[in-house]
Amino acid sequence: MRGPCWNGPARLTMGPLSREAWAQRLAAFRASPSAFMADPEGEDLGRDLLSDLRNEKLSEQTKVSLLVLSLEYPVQLWPDAPAAEVAATSLLDTLVLLPPRLSALRRLLLLAATTALVAGGALGPTSGASCRLLPLLLGLASGSDLGPGFGPTSEQRSLQATACECLRELESCKPGLLGGALGLLRGLLGQAGPVQPFSLLLALALRNTLLVQSRAGAGLRGLLMAGISPTRGGPWDWTLVEEGDAHLQPQAPSWPAAEEGERGLEAREPSPEEARELRAAVAQLLDTTYLLTPVAQAQLLWLLGWALRGLQGQPPALFKPQLVRLLGTAQLTLLHAVLALKAAFGEALFTAQDEALLLRRLTLAAQHPALPLPTHLFYLHCLLSFPENWPLGLEGEEAAPLLLRPQLCHGLLPSLLHDRMALLARLHLLCLLCAEDEEEEEKGLVQSPRGSLEELMAGLQQRAALEGGPRALATLCFQASYLVACCLAGQPTVLTPLIHGLAQLYRARPVLAPHFVDLLDQVGPELGEPLRALLRQEVVSRPGRDEALCWHLQMLAKVADGSAQSATLSFLQAAAAHCTGWDLQQALLRVCRALLQVGGGDGLADLLQALARQLEDPDGRDHARLYYILLAHLAGPKLGVALAPSLTAPALASSLVAENQGFAAALMVQEAPAPIRLSVGSREIKGPLPVLQLQVEALEPIYSLELRFRVEGQIYAPLDAVHMPCLCPGRPAHPLLLPLQPRRPAPARLDVHALYTVPTGLTCHAHLPPLSVNFSDLFLPFPHPPEGTGPGFFEELWHSCLPEGAESRVWCPLGPQGLEPLVSHHLEPFVMVAQPPTSYCVAIRLPPNSRLLLRLEAAQGDGASVALRTDDWAVLPLAGDYLRGLSAAV
């Protein structure tokens, strides 16, 4: 199969790029991949890369740079499945054409072809490149002799490891792909070759196959037999891949993820033969762990533990020999894997003595003074998330391990000298201990956990209260306060001193008001409500001319409520005289708005009136005046709707209403879907003007409906709006009459706009489908002449149309019923002289001052001859179209 680099003559005429040209091109691409690919030159980058990999004039180092680029940016180079398929095919062709000498390109070409198929989404049973790559990788991994083109013997071991890595990547992306090759992989693991890649590949394939088979309800019979694999279609089971498309856990030892991921896995009990083969495969893999790196050991243990947890009747005793050596390991990755196994199997694998040993080891290791900060935080995290055998609390409830007593954690108490992250982690552990606190002082402890917590929080508050102190100290104090409030929300004996300490902190440094606002937004009512009351009392007890007035107003806007409004209003009245700047006036008005939301009162109305008169800034005066109008005219629920926040209202440029978008949304007319259907009904001729009769059907209850009409152009005078007080679905509505005032007799289209109120009180507007005004809707009759004078009156009208007007004649085909039904149905009100059923004289008045006269004579055939006269030549084509339409309708 030929790749995309040979299907255009432009590249062939240019020739291959030099090393320097490629260096400049790759540097430009790495500087901004998206900008480079948007440039016309970027369209040929992938094609040129594939082509120059076969260029013998380019050095191997330059080709390595090209392949590294394809590994780092596969999505940019091969953005879709067809491009990825062609790229992988070209890379495999290049691999086959390499000379038999030692080369650094073979491993990179295998990785690049695998990456292209995976990143481009081309991996599948219908992909030719996939069908070439999979047998090649399995052959290289098994050490088969694939010919001299695949390098010397010295390169085979590295190629085996690379092939295993590529197969592991394919299995990760398509879980169950290697399910048919489990027996073959087991056989390879016992042969000479790289142990670590084979072990990780077999563990991943085993884990994925167990999961997919359990979901599909299938068995493992024969899959684990060493040396046995399906022959139909090779060892690739794409049916398992289809079953395994669901999300699988990442291959990393993480015990919370393992617990959460297994909820979708139904436990299945294998047959005795399957169980025997499964235990043999797991034991074979565990025997190789001594030869793996710590990170690979951790991943292998997690994969095997996760796989066995979903199988009933499989005791985890196979892991016991590993625990003997791992419980004393100094490797963090292996310790993490042990905790993952404990989370997976609990008391089935770990005794109470093992649990106590692990806790003691974690606690003592965390107290080592020479630990780097990341390692120290790791040990603390393990203690905070320790998977107990029998946790006492509810599922998901955070609590300290039962065996972790305060005496054991005495060296882990937080201190003001600790780093910020270490202090917060130690504080978290201390809070969990306080939740289980019983008077430990009676048991010989110098200080109970609760006393240590109060002492620490007092120290943090004292440091945050230092005038001119670093902001980091204040931030740490509030982070610690939030942590305590979350962990100990149900313990008022702990929260009470914390609340009073925070109030004292605000008294010392009002500049920390933004931190208090953020804290109140995050904590629950156990801390929030009493802290609001203390802070409100602290603010209103200050004089209104305090130099920290801006911070007091910001705090008061957050904590103001319906209680103690008189004290709040007194503070605001005193502060109003000192609010000379725009920012202070806006802060003052925000407090007034907060009081409006909780109900307001006479005192607030007086304050708003005073502010509307005395504020210097006109924007502030407008705010105060508007707030007073709202308070005076809106009831409590409506006022709450008007001031409630909303994320759907558009942002407004005016500062008068930009303060709150929900306020603007409540007071402005909102656009909404049409709540009614409007149509033109049968016409009734009344009065001197043509009138449309409109039929209205309500789709939802609406009130105070106003329909506005607009005619494009100037052919009609402006139309009056039509009103209806109420419309409800299912109730018949009276027809609406719309008088028309044409400035010349012509049909038109009316644009309709509805303005109405919904039951929630909001005013809405909607655009309705346009209405058509036909030419016949403008017809009006002449006054009837005295009896017996009709023929003479019509003749007088007929002769008066010429010579200024125009005349014409139209042939009107008729149906079998003849002329009389057509006239009676369409022209009856306008007939002035009739000699039924063969002759009719019709006189039509067209506003504003035109006339249309018709003589209809039935012919001998199946039609009628119609003579037309009018004093307005522009009416003639409209009349002709109308008559032809009548004949078509018959």
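Worth saying up front: this structure is predicted, and the values here are computed from it rather than measured.

(A) View of the overall build of the protein. When its secondary structure is counted, the protein shows 36 helices and 14 strands. Within the protein, the fraction of its 890 residues that count as buried is 49%. Total accessible area on the protein is roughly 41900 Å²; 55% of this is exposed by carbon and sulfur atoms.

(B) Here's a closer look at the pattern of salt bridges. Per the stated rule, a full pass over the model turns up 25 salt bridges. Notably, a salt bridge pairs R708 with E706, separated by 2.4 Å at the nearest N-O pair. By relative accessible area, E706 is classed as buried at 17%. Residues R710 and D751 are paired through a salt bridge, measuring 3.1 Å at the closest nitrogen-oxygen approach. You can see R710 sitting in strand β4 (residues 702-711) and its partner D751 sitting in strand β7 (residues 748-757), a full 41 residues away along the chain. Salt bridges sharing partners connect three or more residues here, namely R25, D44, R47 and D48.

(C) Molecular detail of helix α20 (residues 373-384). Look at α20: 16 Å from first C-alpha to last across twelve residues, which is about the 16 Å you get at 1.5 Å a residue. Turning to α20, its buried residues number three or more, namely T375, H376, F378, Y379, L380, C382, L383 and L384.

(D) Molecular detail of the sheet that holds strand β1 (residues 670-671). The five strands are arranged β1-β8-β7-β4-β5 in an open sheet whose pairing can be described as mixed. Each edge of the sheet is formed by a strand with only one pairing partner; in this case those strands are β1 and β5 (722-727). Pairing analysis gives five bridges linking β4 to β5, with the strands arranged antiparallel. Considered in β5, the bridge of L705 is made with M724.

(E) Representation of the packing of aromatic side chains within the structure. Under the counting rule described, the total for this entry stands at eleven aromatic pairs. Each ring, one from F29 and one from F36, has its centre 5.7 Å from the other, and the planes form 85 degrees; the classification is edge-to-face. Each of the two residues, F29 as well as F36, counts as buried. Look at F478 and F516: their rings are 4.9 Å apart centre to centre, the planes differ by 85 degrees, and that puts the pair in the edge-to-face class. Taken together, the residues F478 in helix α23 (residues 471-487) and F516 in helix α25 (residues 513-522) connect sequence positions 38 residues apart. Judged by relative accessible area, F516 falls into the buried class, the value being 0%. Every member of this aromatic cluster is reached through a ring pair, and the members are F775, F779, F830 and Y882.

(F) Inspection of helix α15 (residues 272-287) at higher detail. With 16 residues, α15 extends 22 Å between its outermost C-alpha atoms, agreeing within 8% with the 22 Å of an ideal straight helix rising 1.5 Å per residue. Taken together, the buried positions of α15 are E274, A275, L278, A281, V282, L285 and L286. An end-on view of α15 places all buried positions within 135 degrees of arc, on one side of the element. Turned more than 90 degrees away from the buried face of α15 sit P272 and D287, all of them exposed.

(G) A look at the packing of helix α7 (residues 81-96) against helix α8 (residues 105-120). Two elements in contact, α7 and α8, have axes separated by 8 Å at closest approach and are oriented at 165 degrees. By the angle between their directions, the pair α7 and α8 is classed as roughly antiparallel. Two packed elements cross with a definite hand, and for α7 against α8 that hand is left-handed. Of the residues in α8, those touching α7 at A81, A84, E85, A88, L91, L92, T94 and L95 are R106, L109, L110, A112, A113, A116, L117 and G120. Considered class by class, the residues forming the contact of α7 with α8 number twelve nonpolar, two polar and two charged.

(H) Quick look at the nonpolar core. Core analysis: the biggest nonpolar cluster contains 114 residues, and L49, L304 and F319 have the highest contact counts within it. Look past the residues within four positions of L304 in its chain and what remains in contact with it is A203, L206, V282, L285, L286 and F319.

(I) Structural view of the sheet that holds strand β3 (residues 691-698). Pairing is antiparallel across the open sheet formed by three strands, whose spatial order is β2-β3-β6. In the strand order of this sheet, the two ends are held by β2 (676-680) and β6 (736-739), each with one partner. Neighbour-to-neighbour, the strand axes of this sheet turn through a mean angle of 30 degrees, independent of strand direction. As judged from the four bridges shared by β3 and β6, these two strands associate in the antiparallel manner. Its bridge partner lying in β6, V691 is registered against P739.

(J) Quick look at the environment of P175. Counting through the fold element by element, P175 comes out in the loop between α10 (156-173) and α11 (182-189). Using a relative accessible area of 7% as the deciding quantity, one classes P175 as buried. Residues P175 and A205, spaced 30 residues apart in sequence, show a C-alpha to C-alpha distance of 7.6 Å.

(K) Highlighting a nonpolar patch on the surface. A contiguous nonpolar patch, built from L392, L402 and L403 and spanning about 310 Å² of accessible area, is present on the exposed surface. Here L403 lies in the loop between α20 and α21 (420-435). For L403, a relative accessible area of 40% puts it in the partly exposed group.

(L) Structural view of unusual backbone geometry. Of note, the amide linkage connecting L802 to P803 takes the cis form, showing an omega dihedral of 10 degrees. Along the polypeptide, P803 turns up in the loop between α34 (790-800) and β10 (806-813). The step from P836 to P837 runs through a cis peptide bond, and the omega angle for that step is 5 degrees. Among the secondary structure elements, P837 is positioned in the loop between β11 (831-835) and β12 (839-846). Phi at S704 takes a positive value of approximately 50 degrees, unusual for a residue other than glycine.

(M) Spatial organisation of the confidence of the model for the protein. Summing up the model confidence of the protein, the mean pLDDT is 81 and the portion of residues at 70 or higher is 84%. In the model, residues 249-253 has pLDDT below 50 throughout and makes 17 contacts with residues more than four positions away in sequence or in other chains. Ignoring residues within four places in sequence, the model shows residues 647-660, a span with pLDDT below 50, making 23 contacts including any to other chains.

The rules behind each value
Residues numbered from 1 in each chain as written. Predicted model: local features only at pLDDT ≥ 70, side-chain atom pairs only at ≥ 80, totals over all residues. Heavy atoms only, no water. Helix = DSSP H or I, 4+ residues; strand = E, 2+ residues; numbered from the N terminus. Buried < 20%, exposed > 50% of the residue type's maximum accessible area, 1.4 Å probe, protein only. Areas by Shrake-Rupley, 256 points an atom, 1.4 Å probe, with all protein chains shown as cover. Salt bridge = Lys/Arg side-chain N within 4 Å of Asp/Glu carboxyl O. Expected span 1.5 Å × (residues − 1). Pairing = 2+ DSSP bridges. Phe/Tyr/Trp six-rings, centres within 6.5 Å; stacked < 30°, edge-to-face > 60°. Arc of directions from axis to C-beta. Axes fitted to C-alpha atoms, helices over the stretch in contact; angles between N-to-C directions. Parallel < 35°, antiparallel > 145°, perpendicular 65-115°, else oblique. Left-handed = near helix turned anticlockwise from the far one by under 90°. Contact = heavy atoms within 4.5 Å. Nonpolar A, V, L, I, M, F, W, Y, C, P; charged D, E, K, R; others polar. Core = buried A, V, L, I, M, F, W, Y, C linked by side-chain atoms within 4.5 Å. Patch = residues over 30% accessible without salt bridge, like charges linked within 9 Å, V, L, I, M, F, W, Y side chains within 5 Å. pLDDT = per-residue confidence, 0-100.

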